[in-house]
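Each chain, written out:
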Amino acid sequence: MPSEAQTRALLKTYSPLIYFHPKEIFLPSSVHWFFANGALLYKKGNESNPIPIQPNGTNLPQGGSNDDLFWLDYPLDKTATEKVKRGDLRNTKVYLNIKPMFGGTFTDIAVWIFCPFNGNAHLKFLFIKSLSLGQIGEHVGDWEHVTLRISNFNGKLWRVYFSQHSGGTLVDACDLEYVEGGNKPVIYSSLHGHAMFSKPGLVLQGKRRYGIRNDMARSDKWLDCGKGYEVIGGPWGVVEPAWTSYFRKWGPRVGYKIDKPIKSFAKKILPMFVRKRLRNIIRKIPYEMLGEDGPTGPKAKMTWTGDDKYS
């Protein structure tokens with residue numbers, strides 16, 4: 001394994017540049033900013049008395065498991081909530097977890113990004129390019145990451161893992177796009193959902209010509225992961241911030257009715273046989289998109305110590 005100084009040098013060389021979609025309004029922030037701007041801790045059975053979270057997260061429950069006993073939510077004030085939802089790109093930092101892989105022959109640098117809000121989903125179906133699904137897909141708190149896999153034999157970038165909703169993709173270094181004249185891979189964050197992709201354009205989460213849209217494009221909203229980061233996990237005795245050991249949800253669970261956002265639209269525009277086909281597609285939308293369900297944090301994932309292919 002490389003030393004701490006060597007790892008920081010590798011990050012400086014290969015730190016990704018993340019582009020957000022031109023229409024993206026739900027941008028990332030630091031965890032400290034999220035807490036300091038009014039995020040609240042709720043406890044089951046005492047929902048009427050949420051507790052303000054300390055900026056360093058020291059009053060969050062430590063350890064345990066994702067047992068639905070605690071969860072995080074926005075400030076009670078609506079104006080403050082709207083501010084928090086939009087994040088703070090200018091002062092955002094990313095969070096690094098460094099781990100050995102394949103018996104120490106590779107080093108994985110997992111680069112975690114936090115967004116206070118995950119926006120709603122849109123569907124592409126036949127001649128309908130983008131149908132809003134209302135509140136479906138929305139949830140408080142969104143953790144996404146990319147992982148740089150670097151050879152410990154020669155210090156070269158071998159692969160990059162892109163997290164995409166409940167899964168992800170490993171891409172060989174030779175197939176990546178890079179910042180012009182450099183070694184920094186370019187990453188594209190999808191509109192509203194913040195899934196990570198290696199190329200701009202449209203990727204459908206579905207079959208053939210229909211599915212949930214993942215739209216990626218360059219814009220003037222971008223994040224250089226090497227400019228502001230914090231190491232939250234690693235082999236050198238890293239002092240982990242208190243919030244990494246909070247293993248509950250970073251948002252509440254609220255269920256949505258799948259038919260509500262499309263019922264009136266379908267009746268007015270679509271013939272009966274097309275409506276039936278649309279309903280069948282809607283029913284196949286992944287379960288995690290059918291409600292507002294905050295994610296768990298980085299350390300609660302299997303990939304904190306394991307291979308990203310299992311995320």
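See the structure shown above.
Read on for an overview of the structure. Please read all numbers here as calculations on a predicted model, not as lab measurements.

Ordered in space as S11-S10-S9-S6-S5-S17, the 6 strands form an open sheet in which the pairing is mixed. At either end of the open sheet lies a strand with only one pairing partner, and these are strand S11 (167-172) and strand S17 (229-233). The mean angle between the axes of side-by-side strands here comes to 25°, regardless of whether they run parallel or antiparallel. Sheet analysis places strand S10 (residues 157-164) next to S11, joined by 6 bridges and oriented antiparallel. Paired with arginine 159 across the bridge in S11 is aspartate 172. Against the sheet, helix H1 (residues 4-14) touches strand S5 (94-101), strand S6 (106-118), strand S9 (139-151), S10 and S17, its axis set at about 105° to S9.

Here we come to the sheet that holds strand S8 (residues 128-132). Ordered by their spatial adjacency, 4 strands build an open sheet running S8-S7-S15-S14, and the pairing between neighbours is antiparallel. At either margin of the open sheet sits one strand with a lone partner, and together these are S8 and strand S14 (201-207). Sheet twist, expressed as the mean angle between neighbouring strand axes with direction ignored, is 35°. With 3 bridges connecting them, strand S7 (residues 122-125) and S8 associate as antiparallel partners. Bridging across to S8, phenylalanine 125 finds its partner in isoleucine 128.

Before going further, it helps to spend a moment on the nonpolar core. Ile18, Leu96, Ile109, Leu148, Leu157 and Phe162 are the most contacted members of the largest nonpolar core, which totals 27 residues. When contributions to this core are tallied by element, the ones reaching two or more residues are H1, strand S1 (17-20), S5, S6, S9 and S10. If we skip the residues at most four places from it in the chain, leucine 157 touches Tyr14, Leu148, Arg149, Ile150, Ala173, Leu176, Tyr178 and Pro185. Core analysis: the second largest hydrophobic core is formed by 25 residues, Ala39, Phe70, Leu72 and Trp112 among them.

What follows concerns the pattern of salt bridges. In this structure the tally under the stated criterion is 13 salt bridges. Its salt-bridge partner being arginine 8, residue glutamate 4 comes within 3.0 Å of it at the nearest N-O pair. Taken as a pair, glutamate 4 and arginine 8 lie in helix H1 at a separation of 4 residues, close to a single helical turn. The class of glutamate 4 is partly exposed, set by a relative accessible area of 35%. The class for arginine 8 is partly exposed, based on a relative accessible area of 34%. A salt bridge links lysine 85 to glutamate 82, with the nearest nitrogen and oxygen atoms 3.7 Å apart. With a gap of 3 residues between them, lysine 85 and glutamate 82 both fall in helix H3 (residues 78-85), about one helical turn apart. A relative accessible area of 17% means that lysine 85 is categorised as buried. Overall, the relative accessible area of 36% leaves glutamate 82 in the partly exposed class. Salt bridges here are not isolated pairs; linked through shared partners, they connect Glu82, Lys85 and Arg86.

The next thing to look at is the packing of aromatic side chains. On inspection of all chains with the given rule, the structure shows 18 aromatic pairs. Consider the rings of phenylalanine 34 and phenylalanine 35, whose centres lie 5.9 Å apart with planes at 40°: the pair is tilted. An identical accessibility class is assigned to phenylalanine 34 and phenylalanine 35; each is buried. With a centroid separation of 6.1 Å and 70° between ring planes, the pair formed by tyrosine 246 and tryptophan 250 is classed as edge-to-face. Exposure class is identical for tyrosine 246 and tryptophan 250. Each is buried. Cluster of aromatic residues (ring-pair linked, three or more members): Phe34, Phe35, Tyr95, Trp112, Phe114, Trp143, Trp243, Tyr246 and Trp250. For arginine 159, the ring lying beneath its charged end belongs to tryptophan 158, and the centroid distance is 4.6 Å.

Right, let's get into the environment of glycine 134. Mapped onto the secondary structure, glycine 134 falls in the loop between S8 and S9. Judged by relative accessible area, glycine 134 falls into the partly exposed class, the value being 27%. Spatially, the C-alpha atoms of glycine 134 and asparagine 120 are 6.5 Å apart, while their sequence positions differ by 14 residues.

Thresholds, definitions, all that
Residues numbered from 1 in each chain as written. Predicted model: local features only at pLDDT ≥ 70, side-chain atom pairs only at ≥ 80, totals over all residues. Heavy atoms only, no water. Pairing = 2+ DSSP bridges. Helix = DSSP H or I, 4+ residues; strand = E, 2+ residues; numbered from the N terminus. Axes fitted to C-alpha atoms, helices over the stretch in contact; angles between N-to-C directions. Contact = heavy atoms within 4.5 Å. Core = buried A, V, L, I, M, F, W, Y, C linked by side-chain atoms within 4.5 Å. Buried < 20%, exposed > 50% of the residue type's maximum accessible area, 1.4 Å probe, protein only. Salt bridge = Lys/Arg side-chain N within 4 Å of Asp/Glu carboxyl O. Phe/Tyr/Trp six-rings, centres within 6.5 Å; stacked < 30°, edge-to-face > 60°. Lys NZ or Arg CZ within 6 Å of the ring centre and 35° of its normal.

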